[in-house]
Amino acid sequence: MDLPWGDERCKKFVTNVGLITSHGPHGNNIMAAEWTHHVSYEPGLIAICLDPEHATTANIKKTKEFGVSLCAVDQNVISSVSGTNCGRDVDKIAVLKELGFVFSLGKKTKVLLIEGAALNIECKLVKTVVLGDHVMFVGEALATKLGEKEPIVLHAGKYWKLETSIAKPSPVDMEKQAKVIGKYKKK
Ligand SMILES: Cc1cc2nc3c(=O)[nH]c(=O)nc-3n(C[C@H](O)[C@H](O)[C@H](O)COP(=O)(O)O)c2cc1C
């Protein structure tokens, strides 16, 4: 079965907004990708799933590197500009610069990174996998810069700010669950 874009079931997921920077046949470019995931600690690997038709996809295929900047809570304009225009038609980097956002050049790659993002990661492409109607690029982290701001959260088609943390299970709940876990231990 399909799980199409905009479907109520898809809106239950909670994701980041990865701002994917690239360079290549379409010049310096940036797009928004909620399908941005940290998938390995050693080495640090980041997976992004992109539509094969995106300008970013062509750029990454050619240059085999990309940047991931986790969009910060005060950067929803970057997500909007980069996620609703194609780099084939619009120089999104120039637009964002004119709107006041600042980019810096990567230290280990030629990708641009966004100042003030929650986290910047420069990645070297290590694997490409076609998954259904998207292409998954897995990048190995070469350099990172930790920002001070919190990441923006995407859920139900809206941007959110994390504020209220839910308490972990109480000591009473922990004791209860430990008893039941003990009962079902496999030996
Ligand atoms: C918040 C947000 C999240 C998005 N997530 C993804 C995603 O995970 N994968 C994807 O292929 N497109 C995603 N998009 C759509 C692309 O960012 C959009 O189509 C963009 O224009 C592609 O740019 P490009 O053609 O310059 O590469 C998202 C858009 C927004 C606004």
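Here the structure is a predicted model, which is why all the values come from computation and not from measurement.

1. A word on the side chain of E65
Step number 1: Counting through the fold element by element, E65 comes out in strand β6 (residues 65-70).
Step number 2: Within the buried set, E65 has no salt-bridge partner at all; the shortest N-O distance to an opposite charge, 6.3 Å, is to K110.
Step number 3: Within the local environment of E65, its side chain forms a polar contact with the side chain of H23, the two groups lying 2.8 Å apart.
Step number 4: Those residues in contact with E65 that lie beyond four places of it in its chain are H23, I60, T109, K110, V111, C123 and L125.

2. Comments concerning the sheet that holds strand β12 (residues 158-160)
Step number 1: Strands sit in the order β1-β11-β12 across an open sheet of three strands; the sheet is antiparallel. On the outer flanks of this sheet lie β1 (14-16) and β12, each paired with one strand and no other. When strand polarity is set aside, the average angle formed by the axes of neighbouring strands in this sheet is 40°.
Step number 2: As judged from the three bridges shared by strand β11 (residues 153-155) and β12, these two strands associate in the antiparallel manner. From the neighbouring strand, V153 faces β12, where its bridge partner is W160.

3. Examining the sheet that holds strand β5 (residues 45-50)
Step number 1: Ordered in space as β3-β2-β6-β9-β10-β5-β4, the seven strands form an open sheet in which the pairing is antiparallel. Among the strands making up the open sheet, the edge pair consists of β3 (29-33) and β4 (36-40). For this sheet, the mean inter-axis angle between neighbouring strands, taken without regard to orientation, is 35°.
Step number 2: Pairing of strand β9 (residues 119-131) with strand β10 (residues 134-146) involves 12 bridges; the strand directions are antiparallel. Considered in β10, the bridge of K127 is made with V138.
Step number 3: Strand contacts of helix α1 (residues 55-63): β2 (18-22), β3, β5, β6, β9 and β10, with the helix running at about 55° to β2, the strand carrying the most contacts.

Rules and cut-offs
Each chain has its residues counted from 1, running along the sequence as written. Where local features are concerned, this predicted model is filtered to residues with pLDDT of at least 70; where side-chain atom pairs are given and counted, the filter is 80 or more; whole-chain, interface and lining totals use all residues. As a rule here, side-chain values cover all heavy atoms of the structure and leave hydrogens and water aside. Helix numbering and strand numbering both begin at the N terminus, where a helix is a DSSP run of H or I of at least 4 residues and a strand a DSSP run of E of at least 2. Exposed residues in this analysis have more than 50% of their type's maximum accessible area, buried residues have under 20%, and partly exposed residues fall in between, with area computed by a 1.4 Å probe over protein chains only. Counted as positive: Lys and Arg. Counted as negative: Asp and Glu, with His and the chain ends omitted from the count. For this document, the term salt bridge refers to a Lys or Arg side-chain nitrogen within 4 Å of an Asp or Glu carboxyl oxygen. Under the rule applied, a polar contact is a pair of N or O atoms within 3.5 Å (in protein, one hydrogen donor and one hydrogen acceptor; residues adjacent in sequence only if both atoms are side-chain atoms). Residues are treated as being in contact if the distance between any of their heavy atoms lies within 4.5 Å. Two strands pair if DSSP finds at least two bridges between them. Geometry is summarised by axes, namely lines fitted to C-alpha atoms with helices restricted to the contacting stretch, and by angles between N-to-C directions that run from 0 to 180 degrees.

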